[in-house]
Amino acid sequence: MTSLQPTQLLNTEERINQAVALLKAGECVALPTETVYGLAADATNRDAVAKIFIAKGRPTNHPLIVHIPNQSHVHHWAKNVNKAAITLADAFWPGPLTLILNAKDDLNSPVTGGLPTIGLRVPAHPEFLAVLKQLNTGLAAPSANRYKQLSPISAAHVMRDLNGRISAVLQGGECNVGIESTIVDASSQQLRILRPGPISAADILQKTGLHVSTPHSHNEVVPGNVKAHYQPNAPAMLANTEDFAKILSENSQGKSHYLIYSTQVQQQLLANDIPSERITKLSSCPIEYAKNMYKALHLIDEKTPLNIYIEKPPVGSEWAAVNDRLSRAATS
Ligand code: TXA
Ligand code: MG
């Protein structure tokens, strides 16, 4: 079922129409969203959805998010949608928020991974939306990477991971959010964040007056929400600022460690004469950090380092999404 042809890069003015034609024909096409690139297939076509699981090597009980062109499509997929869910959709769609809702009884679709719920989102990327509008249906789209690997934020990242395994990638530049959507379970009155992301509990409270609980307080386990995830090929390790001195001395013994830091270790790095290609500084602003985090990890990984050491970011709630991804990236 998987394409044996090299994956096409759709990069001309015709790219939207080409993507639509391939998706109509039941193929998988990677498309840019504002968060990360998604591996899209017609969510109403079981064979097309099956190709996503095969291309990614993803277990079939891990549910997929269905991307819809606008809020009026919710009722094709979900039932008993409560007022809070509508308030959230009104406030944040199109945008980086996925809502978990009760799946319609007759849905019987592989996108739910066998769960009684369904994840829905209206993405904010103009090219993804243009494809959705032409198709006027739902597109199942997990991140366009192999199972457990780093999420892609450019067409080149998708190509590196999935070339030959999918029909095409639509070239739509770099994703400007750079980290996956916030997932809120709104299937009951008790709203819960299942995956922290660009929209925080505080953003939700401020914009809608709704309280959502965070993963620490409810510990919800969902297939697909696994501990070791978002991983580069090289082992990634989170390091306290104090530990950087030891890592630096190993580096000077010729070990090929690469380092990502945000604020605190700059003096040590400068003093230890570490080759500049081995060190990456990310912002001390959590939004900017998130935007550049996967890009930095992809770039470093291409150099086949021995290890990637990442200075632990701060622990505040505004860092929840970054810390969630980094702790999974660093789980062996
Ligand atoms: O930003 C994003 O969310 C990107 C872009 C492409 O939209 N998509 C993405 O999909 O990150 P994926 O498959 O890599 O992660 C989606 C996660 C799944 O691992 C699963 O934990 C959760 O969404 N999910 C999907 N449907 C669910 C459901 N019915 N109940 C609970 N969790 C669900
Ligand atoms: Mg993913």
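Residues numbered from 1 in each chain as written. Chains lettered and ligands numbered in written order. Predicted model: local features only at pLDDT ≥ 70, side-chain atom pairs only at ≥ 80, totals over all residues.

Our next topic: the overall build of the protein. The helix and strand tally for the protein stands at 12 helices and 15 strands. Its C-alpha atoms give the protein a radius of gyration of 20 Å, near enough to 20 Å, the size a compact globule of 332 residues would have. Each of the three principal axes of the protein carries a C-alpha extent, and together these read 60 × 50 × 35 Å. Counting the 332 residues in the protein, one finds 47% classified as buried. (Helix = DSSP H or I, 4+ residues; strand = E, 2+ residues; numbered from the N terminus. Rg over C-alpha atoms; globule rule 2.2 N^0.38 Å. Buried ≥ 20, exposed ≤ 12 C-beta atoms within 10 Å, placed from the backbone.)

Moving on, we come to the pairing of strand β10 (residues 182-185). Of the two faces of β10, the one lined by Thr182 and Val184 and the one lined by Ile183 and Asp185 are each fully buried. The pairing of strand β6 (residues 97-103) with β10 spans four bridges and is classified as parallel. Among the inter-strand pairings, Leu97 is bridged to a residue of β10, identified as Thr182. What sits between the antiparallel neighbours β10 and strand β11 (residues 192-195) is a turn of six residues. (Pairing = 2+ DSSP bridges.)

Residue Pro94 follows Trp93 across a cis peptide bond; omega there is -10°. In this fold, Pro94 is placed in the loop between α4 (83-92) and β6. Positive phi outside glycine occurs at Asn80, with the angle close to 45°. Within the secondary structure layout, Asn80 lies in the loop between β5 (78-79) and α4.

With that settled, the discussion passes to the UniProt feature "domain: YrdC-like" (unreviewed entry) in the protein. When the UniProt feature table is mapped onto this chain numbering, "domain: YrdC-like" (unreviewed entry) sits at residues 13-199. With 28% helix and 21% strand, residues 13-199 has end C-alpha atoms that lie 33 Å from one another. (UniProt positions renumbered as here; feature names shortened; annotations may be inferred.)

The subject of this paragraph is the environment of Pro123. Its location among the elements puts Pro123 in the loop between β7 (117-121) and α5 (126-135). Judged by the 28 C-beta atoms lying within 10 Å of it, Pro123 is buried. C-alpha of Pro123 to C-alpha of Val36: the two residues are 87 residues apart in sequence and 10 Å apart in space. Setting aside residues up to four positions removed in sequence, Pro123 forms contacts with Thr33, Glu34, His67, Pro94, Phe128 and Leu129. (Contact = placed C-beta atoms within 7 Å.)

A separate point is the nonpolar core. One finds Val29, Ala30, Leu31, Val66, Leu99, Ala140 and Val184 to be the most contacted residues of the largest nonpolar core, which totals 96 residues. A total of six residues in this core trace back to one element, the largest contributor, which is helix α11 (residues 286-301). Each of domain 1 (8-218) and domain 2 (236-329) contributes no fewer than three residues to this core. Ignoring anything within four residues of it in the chain, the contact list for Val184 reads Leu88, Leu97, Leu99, Ile100, Leu191, Arg192, Ile193 and Val212. (Core = buried A, V, L, I, M, F, W, Y, C linked by C-beta atoms within 7 Å. Domains from an automatic or database assignment.)

Right, let's get into the confidence of the model for the protein. Predicted confidence across the protein gives a mean pLDDT of 91, with 91% of residues reaching 70 or more. Interface confidence in the predicted complex, given as ipTM, is 0.99; pTM for the same model is 0.94. (pLDDT = per-residue confidence, 0-100.)

What follows concerns the domain arrangement of the protein. Taken domain by domain, the protein comprises domain 1 (8-218) and domain 2 (236-329). The C-alpha centroid of domain 2 is placed 29 Å from the C-alpha centroid of domain 1. Opposite the 15 residues of domain 1 that make contact, domain 2 presents 14 residues. Grouping the amino acids of the side of domain 1 that touches domain 2 by side-chain chemistry returns eight nonpolar, seven polar and no charged. (Nonpolar A, V, L, I, M, F, W, Y, C, P; charged D, E, K, R; others polar.)

Lining the immediate surroundings of ligand 1 are 28 residues, of which Gly38, Pro63, Gly119, Pro142 and Gly224 lie closest. Taken together, the elements giving at least two residues each to the shell around ligand 1 come down to β6 and β7. At four residues, β7 tops the list of elements feeding residues into the shell around ligand 1. The residue makeup of the shell around ligand 1, split by class, is 14 nonpolar, 12 polar and two charged. (Near = placed C-beta within 6 Å.)

Now for the packing of helix α1 (residues 15-24) against α5. How two helices pack is summed up by the angle between their axes together with the distance between the axes. Where α1 meets α5, the closest approach of the two axes is 10 Å, and the angle between their N-to-C directions is 50°. Overall, the two elements α1 and α5 adopt an arrangement that is oblique. Crossing angle aside, the handedness with which α1 passes α5 is right-handed. Facing Ile16, Ala19, Val20 and Leu23 of α1, the residues of α5 in contact are Glu127, Ala130, Val131, Gln134 and Leu135. The residue makeup of the contact of α1 with α5, split by class, is seven nonpolar, one polar and one charged. (Axes fitted to C-alpha atoms, helices over the stretch in contact; angles between N-to-C directions. Parallel < 35°, antiparallel > 145°, perpendicular 65-115°, else oblique. Left-handed = near helix turned anticlockwise from the far one by under 90°.)

Once that is clear, we can look at the sheet that holds strand β14 (residues 279-281). Each strand in a sheet pairs with its neighbour through backbone hydrogen bonds, running either in the same direction (parallel) or in the opposite one (antiparallel). Pairing in this open sheet of four strands is parallel, and the strands run β12-β15-β13-β14 from one edge to the other. Taken across any chain shown, the strands that pair with only one partner, and hence form the sheet edges, are β12 (236-239) and β14. Going from strand to strand, the sheet's axes swing by 20° on average, the running direction of each strand aside. As paired elements, strand β13 (residues 257-261) and β14 share three bridges and run parallel to each other. Bridging from a neighbouring strand, Leu259 pairs with Ile279 of β14.

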